[in-house]
Amino acid sequence: MRRLPVYILIQTSGAMHGEPIESIKVGLESMVASLRQDPFALESVHISLITFNRVTEQILPLTELESMQLPEITLPESGGTHLGEALKFICQRYDLDIQQTTTERKGDWMPLLFIMTNGKPSDNQLYMQMIPEIKKRHFGSIIACAAGAKADTAKLKELTNNVVSLDTTDSATFRQFFKWVSASVSMGNRSIGSAAEMQLPPPPPEIHTVI
Amino acid sequence: MDITNYLSNIEVPSADEVQVKLFLTSKMEELKSHILLLWDDFILAESIKSGNSETPENLMKSDQGGTVDPAENHVQSSQQQDEPQIEVPKADLKDIAKNEEIALIIKNKFITLPNGKVGQPYNFIFSPEKIGIADIEDFWIEGLEPLGLSFDTVTNSITGVPTVPGEQTIQLFLQRNGWSKGKPIFERKLTLTINPDPRSLWLNKPSDPNDQYWKPDSAKQFLKVESTGLILKTGHKDIVAASQRGRSHAHEGIFRDDDFVMDYNKNTNWYIMAVADGAGSCKASRKGSQIACQTVLNVCKTRLENEHKDFERLIKELNNEMSDANRKKMGDSLYGIIGAAVFKAYKNIEEEATISGKQTKDFSTTLIISICKKFKFGWFVAAFWVGDGGIGIYDKNRRFLRVLGETDGGEFAGQTRFLTMPEITQPEELYRRLRFDIVEDFTALILMSDGITDPKFETDANLLKIEKWDELWNDLSSEVDFTDNNEKSADQLLKWLDFWSPGNHDDRTIAILF
């Protein structure tokens, strides 16, 4: 069976304590619940959750939707936005996880990458180095979400054309965002030409697409 | 303050552990001071050394929040209590502290249960020890029955076949070692995820018949070829084809993108078959596949009517001598028939794109074509193939398989090449994709879209394995009666197309000459 790998990268710095992280948890839960209602997703989607602050940690390895359980997300007391490190980790996982089509094996659908961050990498040099590395790999779509009123979208736009910003970090907003994520995931498994890029569904009004 | 007074004054049912826990937590400070006070009493009692050794058993019970007779409270108050009388409350308080500790562990423990699936047997042995809750004598889980499950107290397992999908809440109850009536029963809510049966989730919404490029959600055709005239008595074959909109399309009420055509010319005895699969991501691809099939039919039919004599002479020469020179002549000639048809199909799509103000790539489609005819010396079969899917000549008895081309696959699932890509209609590229063969006889010539090859063959390598074709043919034959002149075979084939294969829910189209 063909897998649709979905990597979700979440910044978990100290600033996320309280409502923001709870909102993300609620958002993730509703995303998983809604994906489980999509028969195609139920048979193809594999999700990996990765958190990052000063360190990157894969809290859920690539797991099929049917058997996956959301793990605990713990927050460090302080922070750091080592997005460069996190992207480096994503590249490593991509190289290990993703199966390409060979004559003997059916390949995965092109993987999707969702990044939720304040958009201010503290390891900027590494971040800039990792951008071409990420682009070398074939993600069906990379969606960066700049969360919070003080989030910065400029750096993220260098990584992907799909940058959205969330002004607030309450659960209603995150729910909307993850609903959109699950809609995007549902659209991820379609026949496309070898060079074509995946189409995303239009984002809900709470989410501002940054052009 | 007096703890027994506290406990006797609040009316908490012994089973309502939440209430008891709340109470104990809120009174933590008072309880602590009470313990200190009792400790002082104990020291005092030690120094007095009274000889009375009667043990008030009711004290044990009262400290656990059970029913207490206020008349028994007197045992607490006297400073003249003897040693055993004081030791019991001390042990009790340790017990309360332990209960609190366990309650806290149970409350904060990250407990997950494996996910279940509607209609599939579930069996999970639950062990508090394994998840780090110690000192438990007995436990059970409630709330399972409405979900089609039950808790087996002998094996300590959740068993049954889930019937209700969703994030379900169930309750875990635990009792500590040495539990007796009146002592706390810990309760914890757990979430059990029951996945729905994917089959139950697929919707079947009709496509919009008023759409510009609407086509029926399914199609079928049977072509009976009579054994008359030039066709040798034993040599004639019928064609059956069927095309079914995939579940993934039906779910969203979108269109069938696949298409097919077939034809048998009674005058020339030539068969023409084509199967096309419009790209799911392109908005007008259903029209693209239709234009491709119709154009191929028209061009091949006309060309064969006009040129069949010359063409058939070449085939006979080829049969006499399979030389490179004859093969080259045949290739060139095929290029003039099938190649022309492919090119015209591309041009017609381009024209439709211009007229409708769309881009050619909006009509992206794969295309598999075959033309064939029975001769005295055997069957001549020629083919052209761009994209995924497959075409093969299969002979069950002779154990013969010839796949007429190569799959155009990408690095990732769902990627392929399309007729509408400009490079495909370049002469060399077009020529490269032509195939022809002369075979004595065969069980079936099969053309199919990737909605069938993906579930049935899985990989490109498998498409070349005769065992996989055997499986396909056995599977087909179990539902479709491939005897001569079976008019019902089209319905049977269409029904067969509904087969279940996890993750494979694309449009399915198959055309069989048998």
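Refer to the structure presented above.
Described in the following lines is the structure provided in the data block.

### Quick word on the interface of chain B and chain A
Next, step 1: Contacts between the two partners involve 32 residues from chain B, matched on the other side by 33 residues from chain A.
Next, step 2: In terms of residue class, the side of chain B that touches chain A is built from 11 nonpolar, 15 polar and 6 charged.

### Topic: the sheet that holds strand 5 (residues 157-160) of chain B
All names here are of chain B.
Next, step 1: Here 3 strands make up an open sheet; going across it, the order is 2-5-4 and the pairing antiparallel. With one partner strand each, in any of the chains shown, strand 2 (122-125) and strand 4 (149-152) form the two edges of the open sheet. When the angles between neighbouring strand axes are averaged without regard to direction, this sheet yields 20°.
Next, step 2: When strand 2 meets strand 5, the two strands line up antiparallel, connected through 4 bridges.

### Observations concerning unusual backbone geometry
Next, step 1: Unlike most non-glycine residues, Asp135 of chain B shows phi in positive territory, near 65°.
Next, step 2: Following the sequence through the fold, Asp135 of chain B ends up in the loop between strand 2 and strand 3 (136-142).

### Looking at the packing of helix 3 (residues 83-97) of chain A against helix 4 (residues 124-136) of chain A
Residues and elements named next belong to chain A.
Next, step 1: Following both chains from N to C, one finds helix 3 and helix 4 inclined at 25°, their axes separated by 8 Å at the closest point. Viewed along their axes, helix 3 and helix 4 adopt a mutual orientation that is roughly parallel. Considering the relative orientation of helix 3 and helix 4, their crossing is left-handed. Of the residues in helix 4, those in contact with Leu83, Gly84, Glu85, Leu87, Lys88, Ile90 and Cys91 of helix 3 are Leu126, Tyr127, Gln129, Met130, Glu133 and Ile134.

### Quick look at the pairing of strand 9 (residues 239-244) of chain B
All names here are of chain B.
Next, step 1: Taken across its 6 residues, strand 9 has 6 buried, putting it largely inside the fold.
Next, step 2: Here strand 9 shows no split at all, with Ile239, Ala241 and Ser243 on one side and Val240, Ala242 and Gln244 on the other all buried.
Next, step 3: In terms of strand pairing, strand 8 (residues 218-223) meets strand 9 through 6 bridges, oriented antiparallel. Each bridged residue has a counterpart across the sheet, and for Ser218 the counterpart in strand 9 is Gln244.
Next, step 4: For strand 9 and strand 19 (residues 508-513), the ladder comprises 6 bridges, and the chain directions are antiparallel. Each residue of the ladder has a partner; that of Gln244, found in strand 19, is Arg508.

### Looking at helix 14 (residues 489-496) of chain B
Residue and element names in this part refer to chain B.
Next, step 1: All of the buried residues along helix 14 are Ser489, Leu493, Leu494 and Trp496. Looking straight down helix 14, one finds its buried side chains confined to an arc of 160°; they lie on one side.
Next, step 2: Each element contacted by the buried residues of helix 14 is listed here: strand 8, strand 9, helix 13 (466-479) and strand 19.

### A look at the environment of Ser281 of chain B
Next, step 1: Note on placement: Ser281 of chain B falls in the loop between strand 11 (271-277) and helix 9 (285-320).
Next, step 2: Each C-alpha atom of the pair Ser281 of chain B and Phe363 of chain B lies 9.9 Å from the other, and the pair is 82 residues apart in sequence.

### As for the sheet that holds strand 14 (residues 390-395) of chain B
All names here are of chain B.
Next, step 1: An order of 8-9-19-18-14-15 is seen for the 6 strands of this open sheet, with the pairing classed as antiparallel. With partners counted over all chains shown, the strands left at the sheet margins are strand 8 and strand 15 (400-403), one partner each. Taking the axes of each pair of neighbouring strands and ignoring which way they run, one obtains an average angle of 10° across the sheet.
Next, step 2: Direction of pairing for strand 18 (residues 444-448) relative to strand 19: antiparallel, over a ladder of 4 bridges. Directly across from Leu447, in strand 19, lies its bridge partner Ala511.
Next, step 3: Lying over the sheet, helix 13 contacts strand 14, strand 15 and strand 18, oriented at roughly 85° with respect to strand 14.
Next, step 4: Relative to strand 8, helix 14 is tilted by about 145°, and along the sheet it contacts strand 8, strand 9 and strand 19.

About the criteria used
- Residues numbered from 1 in each chain as written.
- Chains lettered and ligands numbered in written order.
- Predicted model: local features only at pLDDT ≥ 70, side-chain atom pairs only at ≥ 80, totals over all residues.
- Contact = placed C-beta atoms within 7 Å.
- Nonpolar A, V, L, I, M, F, W, Y, C, P; charged D, E, K, R; others polar.
- Pairing = 2+ DSSP bridges.
- Helix = DSSP H or I, 4+ residues; strand = E, 2+ residues; numbered from the N terminus.
- Axes fitted to C-alpha atoms, helices over the stretch in contact; angles between N-to-C directions.
- Parallel < 35°, antiparallel > 145°, perpendicular 65-115°, else oblique.
- Left-handed = near helix turned anticlockwise from the far one by under 90°.
- Buried ≥ 20, exposed ≤ 12 C-beta atoms within 10 Å, placed from the backbone.
- Arc of directions from axis to C-beta.

None of the figures reported here should be taken as evidence of function without further support.
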